Amino acid sequence: MKRIFSLVLTVMLIQISVASQQNSNSFKTALLIVDIQNFYFPGEGPGLVNAEQASLAAKEILQIFREKKQLVVHVCHKSSKGMEIHNNVKPLPEEKVITKEEVNSFLGTDLLAYLRSNNIDRLVIIGMQTQMCLEAAVRAAHDYGFECVVIQEACATRDLSFGGKTAKAVDVQTSTFATFVNGGYSKVIDLKSFKENTDKYLFQKSD
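About the criteria used
- Residues numbered from 1 in each chain as written.
- Predicted model: local features only at pLDDT ≥ 70, side-chain atom pairs only at ≥ 80, totals over all residues.
- Heavy atoms only, no water.
- Helix = DSSP H or I, 4+ residues; strand = E, 2+ residues; numbered from the N terminus.
- Buried < 20%, exposed > 50% of the residue type's maximum accessible area, 1.4 Å probe, protein only.
- Areas by Shrake-Rupley, 256 points an atom, 1.4 Å probe, with all protein chains shown as cover.
- Salt bridge = Lys/Arg side-chain N within 4 Å of Asp/Glu carboxyl O.
- Pairing = 2+ DSSP bridges.
- Axes fitted to C-alpha atoms, helices over the stretch in contact; angles between N-to-C directions.
- Contact = heavy atoms within 4.5 Å.
- Core = buried A, V, L, I, M, F, W, Y, C linked by side-chain atoms within 4.5 Å.
- Expected span 1.5 Å × (residues − 1).
- Phe/Tyr/Trp six-rings, centres within 6.5 Å; stacked < 30°, edge-to-face > 60°.
- Lys NZ or Arg CZ within 6 Å of the ring centre and 35° of its normal.

A.B. asks: Is there a simple way to think about the overall build of the chain in this case?
C.D. replies: What the chain contains, in helices and strands, is 7 helices and 8 strands. Of all 207 residues assigned to the chain, the portion counted as buried reaches 43%. Carbon and sulfur atoms provide 53% of the accessible area of the chain, an area that totals close to 11400 Å².

Written as structure tokens, this is what we have:
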């Protein structure tokens, strides 16, 4: 009898140890979708380069978060025209929608309080424009202590001109992503890597 009790106790201790280790390696991740709104698409505004493709990549990511039952937050910038969130990433009734008036999604909103009340550790951040509202969200989130992951195909921007020179949208994105990585603000991954390692990016601490 003592031997059986001892065996049962050993098994229980192993299970507790494994569970404790899993919890210590566990992260809570939310998806932050920034400004994928109609005014960034042809028809409502001038449109961004590859806006439709970026929104479709965002749709895939959003579906994964929904299937995994993970927190989703939509951010939209207040505007007199085209303010509606694009149909490809249309929020469900139960998903949080934050309306902002500044470039920074955290400024003047309850975003930080909402994330902290849900014990979020990591943010997967996607959206538009890459070098404006998306970059502001990444920098602010990093400063507030969140681990950030940006998925490059789900971001979009436009050509920018200054001093008689024009930077193509792809170069603007490259520069912004390089700043994220080299400055330690965020990881930048591709959609394929995210889909192949979903549980890693959603539930596990980084290496």
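Moving on, there is more to tell.
A.B. asks: Just to check I follow, could you spell out the pattern of salt bridges for this structure?
C.D. replies: It is possible for side chains bearing opposite charge to pair when their charged atoms get close. The tally for this structure, following the rule as stated, stands at 10 salt bridges. Across the salt bridge formed by Lys96 and Asp110, the nearest N and O atoms sit 2.8 Å from each other. Placement of Lys96 in strand E3 (residues 96-100) and of Asp110 in the loop between E3 and helix H3 (111-117) is noted, with a sequence separation of 14 residues between them. Residue Asp110 is classed as partly exposed on the basis of its relative accessible area of 38%. Across the pair Arg122 and Glu147 runs a salt bridge, and its minimum N-O distance is 2.9 Å.

A.B. asks: Could you clarify how one ought to interpret the sheet that holds strand E4 (residues 122-128) in this entry?
C.D. replies: Spatially, the 6 strands line up as an open sheet ordered E3-E2-E1-E4-E5-E8, and their pairing is parallel. The open sheet is flanked by E3 and strand E8 (187-189), the only strands paired with a single partner. Neighbouring strand axes in the sheet, compared pairwise and without regard to direction, differ in orientation by 25° on average. Bridging between strand E2 (residues 72-77) and E3 involves 5 bridges; their strand directions are parallel. Bridge pairing in E3 places Val75 opposite Ile98. Relative to E4, helix H4 (residues 130-143) is tilted by about 165°, and along the sheet it contacts strand E1 (29-34), E2, E3, E4 and strand E5 (147-156). Each of E5 and E8 touches helix H5 (residues 169-182); the most contacted strand, E5, lies at about 170° to it.

A.B. asks: Help me understand the environment of Val172 in this model?
C.D. replies: Assignment of secondary structure puts Val172 in helix H5. The buried category is assigned to Val172, whose relative accessible area is 8%. Once the C-alpha coordinates of Val172 and Gln131 are considered, the two residues, 41 residues apart in sequence, prove to be 7.1 Å apart. Aside from chain neighbours lying at most four places away, what touches Val172 is Gln131, Thr157, Arg158, Leu160 and Ala167.

A.B. asks: What's the story with the nonpolar core in this structure? I'm lost.
C.D. replies: Across soluble globular proteins, nonpolar side chains have a tendency to be buried as a group. Leu31, Ile61, Met128 and Phe194 are the most contacted members of the largest nonpolar core, which totals 31 residues. The contact partners of Met128, leaving out residues within four places of it in the chain, are Val34, Asp35, Ile36, Tyr40, Phe41, Leu48, Ala51, Ala54, Ser55, Cys133, Leu134 and Ala156. Ranked by size, the runner-up nonpolar core spans 27 residues in total, among them Val73, Ile125, Ala141 and Val150.

A.B. asks: For this particular structure, what's the right way to read H4?
C.D. replies: Because the α-helix completes a turn every 3.6 residues, residues three or four places apart line up on one side. With 14 residues, H4 extends 18 Å between its outermost C-alpha atoms, agreeing within 8% with the 20 Å of an ideal straight helix rising 1.5 Å per residue. Extensive coverage of H4 is indicated by the burial of 10 of its 14 residues. Within H4, the full set of buried residues consists of Thr130, Gln131, Cys133, Leu134, Glu135, Ala136, Ala137, Val138, Ala140 and Ala141. Gly145 occupies a position one or two residues after H4 and carries a positive phi of about 100°.

A.B. asks: I would appreciate a short explanation of the packing of aromatic side chains in the present structure.
C.D. replies: Aromatic ring pairs are reported here in terms of the distance separating the ring centres and the angle at which the planes meet. The tally for this structure, following the rule as stated, stands at 5 aromatic pairs. Relative to Tyr40, the ring of Phe39 lies with its centre 4.7 Å away and its plane at 75°, an arrangement referred to as edge-to-face. The same class applies to Phe39 as to Tyr40, namely buried. Plain terms: the ring middles of Phe106 and Tyr144 are 5.3 Å apart, the flat faces sit at 45° to each other, and that makes the pair tilted. One end of the pair, Phe106, is in the loop between E3 and H3; the other, Tyr144, is in the loop between H4 and E5, with 38 residues separating them in the sequence. For Phe106, a relative accessible area of 6% puts it in the buried group. A cation over a ring is seen here: Lys96 above Tyr114, with NZ or CZ 5.1 Å from the ring centre. The ring centre of Tyr185 lies 4.7 Å from the NZ or CZ of Arg139, which sits over that ring.

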